[in-house]
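So the chains spell out like this:
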Amino acid sequence: MNAHEPIGHAWQPLEADAESISRQFPQPLMALANGTVPAFVLRGAYSSGDCTDLMARFTERGYFSRDTVARESQLSGGPYLDLGTSLGRMGADRDEFFAHADRTHALFPRLFAGLADPVQTIYRNLAQLAEGKTVKTAEEVDGRRYGPAIFRIYHGQEGHKAHIDSARRRAKSEYAVSRFAHQFAGILCVQKGTIGSDSIIYRAKSEGKLAAVVERGEFEAYAKAQNLPRVQIELNPGDLYFFYTENIHKLPQTARDRTRVVLAVFVGMSPEVDEIFVWS
Ligand SMILES: O=C(O)CCC(=O)C(=O)O
Ligand SMILES: [Fe+2]
């Protein structure tokens, strides 16, 4: 138990729809940033039937085979497969990054034809949590757009070790998204992974001494020794959750007998700025 935690207020995700969340919290995103709530979980935000159809389209296109990566320009390999444009993976070359993002903007409507648009589902729900701010795909001052969202495909034991995501803190970032004070993620489950393979969020920011602990890959042992509060967000197809990415989090590297597929976005917000930028 955290010493600062008021008795009787366990650190638990809030499961509700966007409208009730925004009734409960005047500033929902700040409730995440302040650590009042670890995550908002919007069950059934997207139709599970459309998730199944989307998965069938991916299978048809061979998106679950690494052999397809070389042939499909919007797929990239690494510890997990990406379908879409990742700033983290592609940002080193600006021209290449924005050209890749353009191709993703062209591909997604074709992939979603006849189904509800899952990217819009994320943006629409985020807008309800956005305190009247405008939610839009991130762009540079010259109008070049980032990728709108990205599918992440986790096979086998793939995951993410304990980390934070922060464009602001990324050294030498010359991208517009680095100006936001706060960063969040929105994750929509398309196919459920094996039980226990969904993300774990810790009540801990990667600051000071902890940043070094994370850097050395020793965070898990530290969290255990300190008994840090943590929550695991178990998702079913169509469930969407939002969390503060400057809280340390991980995707367990456990044996998966089922491929986990999510649609993910990053979100940049500053209290004094009217626009919220979304990218991947
Ligand atoms: O898939 C998730 O639930 C979280 C993934 C994550 O932390 C990331 O993509 O940076
Ligand atoms: Fe992350």
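The preceding data block contains the structure.
Analysis parameters
Residues numbered from 1 in each chain as written. Chains lettered and ligands numbered in written order. Predicted model: local features only at pLDDT ≥ 70, side-chain atom pairs only at ≥ 80, totals over all residues. Heavy atoms only, no water. Helix = DSSP H or I, 4+ residues; strand = E, 2+ residues; numbered from the N terminus. Buried < 20%, exposed > 50% of the residue type's maximum accessible area, 1.4 Å probe, protein only. Contact = heavy atoms within 4.5 Å. Areas by Shrake-Rupley, 256 points an atom, 1.4 Å probe, with all protein chains shown as cover. Lys, Arg positive; Asp, Glu negative; His and termini not counted. Charge placed at Lys NZ, Arg CZ, Asp CG, Glu CD. Donors = N, O, S within 2.8 Å, 3.2 Å for Na, K, Ca; no water. Near = heavy atom within 4 Å. Polar contact = N/O pair within 3.5 Å; in protein donor to acceptor, adjacent residues only side chain to side chain. Nonpolar A, V, L, I, M, F, W, Y, C, P; charged D, E, K, R; others polar. 1 Å grid on protein atoms, 1.4 Å probe; cavity = no way out; pocket = protein on both sides within 12 Å on 5 of 7 lines; lining within 4 Å. Points joined across faces, edges and corners; volume = space filled by probe spheres on them. Core = buried A, V, L, I, M, F, W, Y, C linked by side-chain atoms within 4.5 Å. Phe/Tyr/Trp six-rings, centres within 6.5 Å; stacked < 30°, edge-to-face > 60°. Lys NZ or Arg CZ within 6 Å of the ring centre and 35° of its normal.

Engineer: Give a description of the overall build of the protein that names residues and reports values.
Structural biologist: From N to C terminus, the protein includes nine helices and 14 strands. Overall size of the protein, expressed as C-alpha extent along the three principal axes, is 55 × 45 × 40 Å. For the protein, the residues scored as buried account for 55% of the 280 residues in total. Contacts in the protein between residues at least 24 apart in sequence constitute 79% of all its contacts with a sequence separation of at least 6. Carbon and sulfur atoms form 49% of the exposed surface of the protein, whose accessible area is close to 12,600 Å². Taking the average place of the 33 positive charges on the side chains of the protein and the average place of its 34 negative ones, the gap between the two points comes to 3 Å.

Engineer: So, the coordination of the iron ion (ligand 2): which residues are in play, and what are the values?
Structural biologist: Binding of the iron ion (ligand 2) to the protein goes through His-163 (NE2), Asp-165 (OD) and His-249 (NE2), at separations of 2.1 to 2.2 Å. Summarised as a motif, the one-chain spacing of the donors to the iron ion (ligand 2) is H-x1-D-x83-H.

Engineer: Can you tell me about the site of ligand 1, naming the residues and giving the values?
Structural biologist: As a matter of local geometry, ligand 1 sits amid Arg-152, Tyr-154, His-160, His-163, Asp-165, Ile-187, Ser-199, Tyr-241, His-249 and Arg-260. Taking Tyr-241, its side chain carries an N or O atom lying 2.5 Å from an oxygen atom of ligand 1. Burial of ligand 1 by the surrounding chains reaches 97%, relative to a free accessible area of 300 Å². For the shell around ligand 1, the secondary-structure elements that each account for two or more residues are strand S6 (150-154) and strand S7 (160-163). For the shell around ligand 1, the class distribution of residues is three nonpolar, four polar and three charged.

Engineer: Quick rundown of the layout of surface pockets? Include the residues and the values.
Structural biologist: Estimates place the volume of the largest pocket at around 870 Å³. Lining the largest pocket are 41 residues, and of these His-160, His-163, Ile-164, Asp-165 and His-249 sit closest to its centre. Put simply, the parts of the chain that give the lining of the largest pocket at least two residues each are helix H5 (87-90), S6, S7, strand S8 (182-191), helix H8 (208-215), strand S11 (240-244), strand S12 (247-251) and strand S13 (260-269). Sorting elements by how many residues they give to the lining of the largest pocket places S13 first, with five residues. The class makeup of the residues in the lining of the largest pocket is 19 nonpolar, twelve polar and ten charged.

Engineer: Could you give an account of the nonpolar core, naming the residues involved and the relevant values?
Structural biologist: Ranked by internal contacts, the top residues of the largest apolar core, which has 50 residues, are Phe-40, Phe-58 and Phe-151. With residues up to four places along the chain from it excluded, the contact list for Phe-40 reads Leu-14, Ile-21, Phe-25, Pro-28, Ala-31, Leu-32, Leu-129, Leu-240, Tyr-241 and Phe-242. Residues Val-41, Ala-138, Leu-235 and Val-262 belong to the second largest nonpolar core, which totals 32 residues.

Engineer: I'd like a description of the environment of Cys-189, backed by residues and values.
Structural biologist: Relative to the helices and strands, Cys-189 is located in strand S8. C-alpha of Cys-189 to C-alpha of Asp-239: the two residues are 50 residues apart in sequence and 5.5 Å apart in space. When neighbours within four sequence positions are excluded, Cys-189 is seen to be in contact with Cys-51, Leu-235, Asn-236, Pro-237, Gly-238, Asp-239, Val-261 and Val-262.

Engineer: I'd like a description of the packing of aromatic side chains, backed by residues and values.
Structural biologist: For the coordinates displayed, the defined rule picks out 18 aromatic pairs. Summarising the aromatic geometry, the rings of Phe-58 and Tyr-63 are spaced 5.5 Å apart at their centres and angled 45 degrees between planes, so their arrangement reads as tilted. Across this residue pair, the class does not change: Phe-58 and Tyr-63 are buried. One aromatic cluster in this structure is built from Phe-58, Tyr-63, Phe-108, Phe-112 and Phe-151. Sitting over the face of the ring of Tyr-175, Arg-94 holds its NZ or CZ atom 4.8 Å from the ring centroid. The ring of Phe-277 has Arg-179 sitting right over it, with the charged end atom 5.2 Å from the ring centre.

Everything listed here is a matter of geometry and, on its own, says nothing about what the molecule does.
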